[in-house]
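If you want the building blocks of each chain, they are given just below.
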Amino acid sequence: MGIRGLAGVLFLTVAVIWYLSGLEGYKIFVPGLAQGAAMTLQITAAAAVLAVIAAITAALSKLYGPAPLRWLAITYIEVFRGTSALVQLFWLYFVLPVFGITMEAYEAAVLGIGLNIGAYGAEVVRGAIISVPRGQWEATIALNMTRAQALRRIILPQAFAAMIPPWGNLFIELLKTTALVSMITLGDLAFRAQQMNQTTMKTVQIFTLVLLIYLAMSLAITIGMRVLEHRAARGILRARAA
Amino acid sequence: MIEFPMVSFENVTKRYGALTVLDNLNLTIARGEKVAIIGPSGSGKTTVLRMLMTLETIDGGVIRVEGEPLTHMERNGQLVPADQAHTRKVRAKIGMVFQSFNLFPHMTALQNCMEAPVKVLGLSRDEAEARSTELLEMVGMSNRRDYYPSQLSGGQQQRVAIARALAMRPKVMLFDEVTSALDPELVGEVLQVIRKLGAEHDLTMLMVTHQMGFAKEFADRVCFFHSGQICEEGEPTAFFQNPQNERSRQFLRAVLEAG
Amino acid sequence: MWDWAFALEILPTLAKAAVVTVQVTVLGFLIALVVGLMLAACRVMLPGTRFPISLLVELIRSTPLLIQIFFLYFVGPSFGLTLDALTAGILAVGLHYAAYCSEVYRAGFESVPRGQWEASVALNLGRWTTLRDIIIPQAIPPVVPALGNYLVALFKETPLLSAIAVMELMQSAKIIGSQTFRYNEPITLVGLFFLVMSLASAWAIRRVETGINRRYKR
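Remember, predicted model here, so these are calculated numbers, not experimental data.

### Details of the overall build of chain C
Looking only at helices and strands, chain C features 8 helices and 0 strands. Taken from N to C terminus, the helices and strands of chain C fall in the order α-α-α-α-α-α-α-α. Projected onto its principal axes, the C-alpha positions of chain C cover 70 × 50 × 25 Å. The buried share of chain C, taken over its 218 residues, is 52%. In chain C, the share of contacts with a sequence separation of at least 24, taken over all contacts with a separation of at least 6, comes to 78%.

In structure tokens form, the structure reads like this:
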């Protein structure tokens, strides 16, 4: 679907949410779900920032770091990609205190999800860097740039465009993963849904609304990333044409 | 009884968007006739074969095979678009060999030949195998019957493709630039098979080709296409020696210069 | 901090739960493979279904599996579909990954050259026969590694079923934790189990991938 089509579906989704939240059977859930949605967005944003930082750090370490750093990066990537996000969350929240590190559910949530998606992101970043043609590296050597200069000025800007679509998928995954924080008692959308479901048993209304809200968020992310993709592609094209 | 022509195109038009590929084409092919279609690329010559094979829809006119409309059927004295069953019934009379062979890569030469006779004609595996073996023999590929396409040369693949098409016992065979994807030294073996086919069978054959020498020697008639129309047609010797139309002259000169 | 004796003691309980995890994985993935193929095939063969199916696939892929599990388990009964937790969980996981698998199959179908469809028309093969005998056998082998990756992804998401109290690994670990107030051994063990299985399957997928590549370069 093109950006316009997606925007249309988003508009429709929001309209349906709007319509439903005005109905008698749904009204009572709106404040609670709104609070939950705010928490979901907050965790998503914080974890996304962490994921990007972790991904870039790990990818660069794996590609160019000295041996110990490289092994650390590989271990991080493999462990976080190799186990379940839920297990990671529980481990951070319940097991780390045993080793004397205690954190709030919110901190554990952001850290766990950020690191989890960051591990997948590291492979995306690495793949994008590798996909920059060798000739570009050779040109930076011919211009006597340092490796750091070459990376920052020449390689990463080109890799950036190739990274956007897979990162779009990862951010969707991230949003979906945030639903797990309900299981370490954090009041996100999924948590509020379960809570209200237990007290009111209005299952259909609650979960229909919740699904639609998640859908709207996913669509918004997809559209944002598509716009970014467009911009980046145009930037590269303009650079090529010049 | 009226003897219908094997194939007839009546005012057939084909467009891609604003581009008219074929413009009111009228062409009649008699039973057993060998027709070569030549012309510059983009002249619509391949489209003629693809329409006859129902790989392309048509935007106007009627194509008939033995008097029976191909893309239409008669209902209450009117022509309406053909349904699946009708199309498949008429299509059964036509076989096609492609430029890029299009053999099924996951089947051996023999399996390629047996697939349709078993699945479409409902032959038993033994009958289909006997028929296929005979045809592979005819195209000189019986010793390679258990090879996969990727283990065969282009010429060998094309010969298997010919056997595969013949296994359906079509009345009309379409050859779409069948030697264009081949290395020069492999062209001969495929043309040899087509020659043999022309001599041994009373098949109607329609070929789009760039092999002028072969067209001259083999065809009963040559049709020269230019911008979606038949510019000139006629008996090959006359056409090649003394083309009447300015465009045909230009085309032949260009081809001869290229060697 | 780490009690080996306790770890050994809970191992049999976890092993029993691991059987459920594997069961969910296998059955869920079977559903994903079959339903995914049906969705992809419908999209190719019946143009009318293209839009509704792509909408459904997008809806499933854009919302959390956890919510979908709840939806099937809690909402199902309102529509007369009462499922026990295990069945609801397997179904939810299977349908979720069916959406992903259908996209993989679709890519596989699209990678088969047009000429294969055209040759099938020229041989007068029916459309469904073409799909079954000609297209699917060529479309599947190249996408086996991608499907394999989703098998591993599905496996790693099975702990979500603990949210509806399916007695798989995570639920078992949680119960041990709440009974003994020791979380580090059960959860670490569960983590290790997933890590080992994931690394092993990643290795297996790579083997299959090279195998397929070799066969196709014949």
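Having seen the model, we can carry on.
### As for the pattern of salt bridges
As enumerated under the stated definition, the model contains 30 salt bridges over all chains in all. Across the salt bridge formed by Asp133(C) and Lys119(B), the nearest N and O atoms sit 2.5 Å from each other. Here Asp133(C) is found in helix H6 (residues 127-157), whereas its partner Lys119(B) is found in helix H3 (residues 109-119) on a different chain. Residue classification places Asp133(C) among the buried positions, given a relative accessible area of 11%. For Arg106(C), the salt bridge is made with Glu103(C), and the minimal N-O distance between the two is 3.2 Å. A residue pair is termed a helical-turn pair when its members lie 3 or 4 positions apart in one helix, as Arg106(C) and Glu103(C) do in helix H4 (residues 85-111) at 3 residues. A relative accessible area of 27% places Arg106(C) in the partly exposed class. Members of the salt-bridge network, linked through shared partners, are Arg31(B), Glu66(B), Glu68(B), Lys89(B), Lys93(B) and Lys171(B).

### Some points on the interface of chain A and chain C
The interface of chain A with chain C comprises 34 residues on the first partner and 34 residues on the second. Both faces combined, the contact of chain A with chain C buries some 3,100 Å², and carbon together with sulfur accounts for 79% of it. At the boundary of chain A with chain C, the tally comes to 9 residue pairs in polar contact (both at pLDDT 80 or more). Within the residue set of the side of chain A that touches chain C, elements represented by two or more residues are helix H4 (67-82), helix H5 (85-95), helix H8 (147-177), helix H9 (189-200) and helix H10 (203-241) of chain A. Element by element, the count of residues in the side of chain A that touches chain C is highest for H10(A), at 9 residues. Here the residues of the side of chain A that touches chain C sort into 21 nonpolar, 9 polar and 4 charged.

### Thoughts on the packing of helix H3 (residues 30-64) of chain A against helix H6 (residues 105-130) of chain A
Residues and elements named next belong to chain A. At a minimum axis distance of 5 Å, the contact between H3 and H6 shows a crossing angle of 45 degrees. Relative to H6, the element H3 lies oblique. For the pair H3 and H6, the crossing hand works out as right-handed.

### Regarding the confidence of the model for chain C
Looking at chain C, pLDDT values average 91 and 98% of them are 70 or higher. Under the prediction, the complex receives an ipTM of 0.88, its pTM being 0.87.

### With respect to unusual backbone geometry
One non-glycine residue, Met201(A), lies in positive phi territory at about 60 degrees. Secondary-structure assignment places Met201(A) in the loop between H9 and H10. The exposure class assigned to Met201(A) is exposed, which follows from its relative accessible area of 60%. Look at Arg169(B): it is not a glycine, yet its phi comes out positive at around 50 degrees.

### What about the nonpolar core?
Trp167(A), Phe9(B), Leu52(B) and Leu174(B) are the most contacted members of the largest nonpolar core, which totals 162 residues. At 15 residues, the largest contribution of residues to this core is made by H10(A). Leaving out residues up to four positions away in the same chain, Phe9(B) has contacts with Leu25(B), Asn26(B), Leu27(B), Val48(B), Met51(B), Leu52(B), Val62(B) and Ile63(B). Core analysis: the second largest hydrophobic core is formed by 50 residues, Ala109(B), Leu136(B), Leu203(B) and Ala215(B) among them.

### Considering the interface of chain C and chain B
With 19 residues of chain C at the contact, the number on the chain B side is 27 residues. Taken together, the connections running from chain C to chain B amount to 2 salt bridges. There are 7 residue pairs in polar contact (both at pLDDT 80 or more) connecting chain C and chain B. Looking at the side of chain C that touches chain B, the elements that each hand over two or more residues are helix H5 (114-122) and H6 of chain C. When residues of the side of chain C that touches chain B are assigned to their parent elements, the largest contribution, 8 residues, is made by H5(C).

### Some details on the packing of aromatic side chains
Working definition: an aromatic ring pair is given by the centre-to-centre distance plus the angle between the planes. Tallying each qualifying case throughout the model produces 22 aromatic pairs over all chains. Ring geometry for Tyr76(A) and Phe80(A): centres 5.3 Å apart, planes at 55 degrees, overall tilted. On the criterion of helical spacing, the pair formed by Tyr76(A) and Phe80(A) is a turn pair, its members being 4 residues apart in helix H4. When sorted by exposure, Tyr76(A) lands in the same class as Phe80(A), which is buried. Summarising the aromatic geometry, the rings of Phe70(C) and Phe74(C) are spaced 5.7 Å apart at their centres and angled 25 degrees between planes, so their arrangement reads as stacked. Pair noted here: Phe70(C) and Phe74(C) are both in helix H3 (residues 65-75), with a separation of 4 residues, about one helical turn.

### Some details on the sheet that holds strand S5 (residues 68-69) of chain B
Residue and element names in this part refer to chain B. One open sheet accounts for 4 strands, arranged S2-S1-S4-S5; its pairing is antiparallel. The open sheet has two free edges, formed respectively by strand S2 (19-29) and S5, since each of these has just one partner strand. Inspection of the sheet shows strand S1 (residues 7-16) paired to S2 by 7 bridges, in the antiparallel sense. Counterpart to Lys 14 in the pairing with S2 is Leu 22. Seen against the sheet, helix H1 (residues 45-52) touches S1, S2 and strand S4 (60-65) and runs at an angle of roughly 115 degrees to S1.

### Section: the environment of Val193(B)
Residues and elements named next belong to chain B. One can find Val 193 in helix H6 (residues 184-200). For Val 193, a relative accessible area of 6% gives the class buried. Sequence separation of Val 193 and Gly 155 is 38 residues, and the distance between their C-alpha atoms is 10 Å. For Val 193, the residues in contact, after removing those within four places along its chain, are Val 139, Arg 159 and Ile 162.

### Brief notes about the pairing of strand S10 (residues 204-208) of chain B
All names here are of chain B. Of all 5 residues in S10, 5 are buried, a share of seventy percent or more. Here S10 shows a buried face lined by Thr 204, Leu 206 and Val 208 and a second buried face lined by Met 205 and Met 207. The pairing of strand S3 (residues 34-38) with S10 spans 4 bridges and is parallel. Looking across to S10, one finds that Ile 37 is bridged to Val 208. Sheet analysis places strand S9 (residues 172-176) next to S10, joined by 5 bridges and oriented parallel. Among the inter-strand pairings, Leu 174 is bridged to a residue of S10, identified as Leu 206.

### With respect to the sheet that holds S3(B)
All names here are of chain B. Read across the open sheet, the 6 strands follow the order S8-S9-S10-S3-S11-S12; overall the sheet is mixed. Each of the sheet's edge strands pairs with one partner strand only, and the pair in question is strand S8 (94-97) and strand S12 (229-234). On average, each strand axis in the sheet is tilted by 20 degrees relative to the strand beside it, whichever way the strands run. Packed onto the sheet, helix H5 (residues 154-166) meets S8 and S9 and runs at close to 175 degrees relative to S8.

Criteria and thresholds
Residues numbered from 1 in each chain as written. Chains lettered and ligands numbered in written order. Predicted model: local features only at pLDDT ≥ 70, side-chain atom pairs only at ≥ 80, totals over all residues. Heavy atoms only, no water. Helix = DSSP H or I, 4+ residues; strand = E, 2+ residues; numbered from the N terminus. Buried < 20%, exposed > 50% of the residue type's maximum accessible area, 1.4 Å probe, protein only. Contact = heavy atoms within 4.5 Å. Salt bridge = Lys/Arg side-chain N within 4 Å of Asp/Glu carboxyl O. Buried area = accessible area lost by both parts, 1.4 Å probe. Polar contact = N/O pair within 3.5 Å; in protein donor to acceptor, adjacent residues only side chain to side chain. Nonpolar A, V, L, I, M, F, W, Y, C, P; charged D, E, K, R; others polar. Axes fitted to C-alpha atoms, helices over the stretch in contact; angles between N-to-C directions. Parallel < 35°, antiparallel > 145°, perpendicular 65-115°, else oblique. Left-handed = near helix turned anticlockwise from the far one by under 90°. pLDDT = per-residue confidence, 0-100. Core = buried A, V, L, I, M, F, W, Y, C linked by side-chain atoms within 4.5 Å. Phe/Tyr/Trp six-rings, centres within 6.5 Å; stacked < 30°, edge-to-face > 60°. Pairing = 2+ DSSP bridges.

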